[in-house]
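Listed below are the residues making up each chain.
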Amino acid sequence: MSAQAVRPWPYPLWIAHRGAGQLAPENTLAAFRAGARYGYRAFECDVKLSADGVPFLLHDDTLQRTTPACGVAGERPWAELSRLDAGGWHSRGFAGEPIPSLESVAAFVRRNGHALNIEIKPTPGLEAETGRVVAREAERLWRDCAVPPLLSSFEPPSLAAARDAVPALPRALLLDQLAQGWFELAQELDCAAVVTAYSLMDAAVIARLHDAGLRALCYTVNDPAEVQRLLALGIDGIITDAVDRFSPAGAALLD
Ligand code: G3P
Ligand code: MG
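What counts as what
Residues numbered from 1 in each chain as written. Chains lettered and ligands numbered in written order. Predicted model: local features only at pLDDT ≥ 70, side-chain atom pairs only at ≥ 80, totals over all residues. Heavy atoms only, no water. Near = heavy atom within 4 Å. Polar contact = N/O pair within 3.5 Å; in protein donor to acceptor, adjacent residues only side chain to side chain. Areas by Shrake-Rupley, 256 points an atom, 1.4 Å probe, with all protein chains shown as cover. Nonpolar A, V, L, I, M, F, W, Y, C, P; charged D, E, K, R; others polar. Helix = DSSP H or I, 4+ residues; strand = E, 2+ residues; numbered from the N terminus. Salt bridge = Lys/Arg side-chain N within 4 Å of Asp/Glu carboxyl O. Buried < 20%, exposed > 50% of the residue type's maximum accessible area, 1.4 Å probe, protein only. Donors = N, O, S within 2.8 Å, 3.2 Å for Na, K, Ca; no water. Pairing = 2+ DSSP bridges. Right-handed = clockwise from strand over helix to strand, strands pointing away.

Trainee: Tell me about the site of ligand 1, residues and numbers included.
Mentor: Neighbouring ligand 1 are the residues His 17, Arg 18, Glu 44, Asp 46, His 59, Glu 119, Lys 121, Phe 154, Leu 174, Tyr 219 and Ile 239. One of the side-chain N or O atoms of His 17 is found 2.7 Å from an oxygen atom in ligand 1. Separating an oxygen atom of ligand 1 from a side-chain N or O atom of Asp 46 is a distance of 3.1 Å. Starting from 290 Å² of accessible surface for ligand 1 in isolation, the protein chains cover 90%. Grouping the amino acids of the shell around ligand 1 by side-chain chemistry returns four nonpolar, two polar and five charged.

Trainee: Please set out the environment of Ser 247 residue by residue, giving values where relevant.
Mentor: Relative to the helices and strands, Ser 247 is located in strand 10 (residues 246–247). Sequence-wise, Ser 247 and Gly 39 are 208 residues apart; in three dimensions their C-alpha atoms are separated by 7.0 Å.

Trainee: Any chance you could break down the pattern of salt bridges for me, citing the residues and the numbers?
Mentor: Scanning the model with the defined rule gives 11 salt bridges in all. In this structure, Asp 60 engages Arg 65 in a salt bridge whose closest nitrogen and oxygen atoms are separated by 2.8 Å. A salt bridge links Glu 80 to Arg 76; the shortest N-O distance between them is 3.3 Å. Since its relative accessible area comes to 23%, Arg 76 is described here as partly exposed. Through salt bridges that share partners, Arg 18, Glu 26, Asp 60 and Arg 65 make up one connected network.

Trainee: Quick one: what's the story with the coordination of the magnesium ion (ligand 2), residue by residue and with numbers?
Mentor: Binding of the magnesium ion (ligand 2) to the protein goes through Glu 44 (OE), Asp 46 (OD) and Glu 119 (OE), at separations of 2.0 to 2.1 Å. Each donor residue of the magnesium ion (ligand 2) belongs to the same chain, and together they define the spacing E-x1-D-x72-E. The residues Glu 44 and Asp 46 share a single accessibility class, namely buried.

Trainee: Mind laying out the pairing of strand 8 (residues 215–219), listing which residues take part and the relevant values?
Mentor: Burial within strand 8 is extensive, with five of its five residues counted as buried. Residues Arg 215, Leu 217 and Tyr 219 of strand 8 are buried on one face, and the alternating residues Ala 216 and Cys 218, pointing to the opposite face, are buried as well. Where strand 7 (residues 193–197) meets strand 8, five bridges bridge the pair, whose relative direction is parallel. Residue pairing across strands places Ala 197 opposite Tyr 219, the latter belonging to strand 8. Tracing the backbone out of strand 7, into helix 7 (residues 203–211) and back to the parallel element strand 8 gives a crossover that is right-handed. Note: strand 8 against strand 9 (residues 237–240), two bridges, orientation parallel. Within the sheet, the bridge partner assigned to Leu 217 lies in strand 9 and is Gly 237.

Written as structure tokens, this is what we have:
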């Protein structure tokens, strides 16, 4: 890491994806508890807005994969979304597990001293509004907290709106390809980090980011050989589903 404009980076290396979204239903508090039981101290989750503007956790645009309902989640008010069963699809033991609001997740991670990576995952058409509302809500929920949430998104308009609403909250650009101009875009959005699909990350990308004072993270790394490759390159963050496989304590294989 160069000395140029190095920003504070208070986030753990290991980040549990969607809570710990394979051992328990993704993006629920049950998933966060599962990750915490395996020693994870940082979590990624996907956040979008209800029809009445409440930030809540859900990966997909629609409800059918992870709840008994269907249709576009963001077209429903929070009072309806909060009553849906977001756990029964995973396994019987989690039936009745609710969709959490960002507020309830903030309570959990703050009470336990955990860090949060909020992926802004807007309903299509609501990119800027979602970025703005999530940033303002994050500012409110993490006020006076030493470690602010990291806001990330694949959507530059969401990051731009978050930057304009609450410039002090750290941002990360998510990339599923290294299209021309990716580095300039991250700089334009005043990002503290870039998070790429793991197969895109190599020594040249990390050097380019580190030389500019940005951190380099990867998703979703579940293969031990990839973990070793990325650690050797000096990766700053690993988002993984395999919380029962990789131990944050010693970065060791658990099995
Ligand atoms: O934030 C990294 C990762 O979660 C991006 O992919 O589809 O799981 O949200 P996805
Ligand atoms: Mg995500």
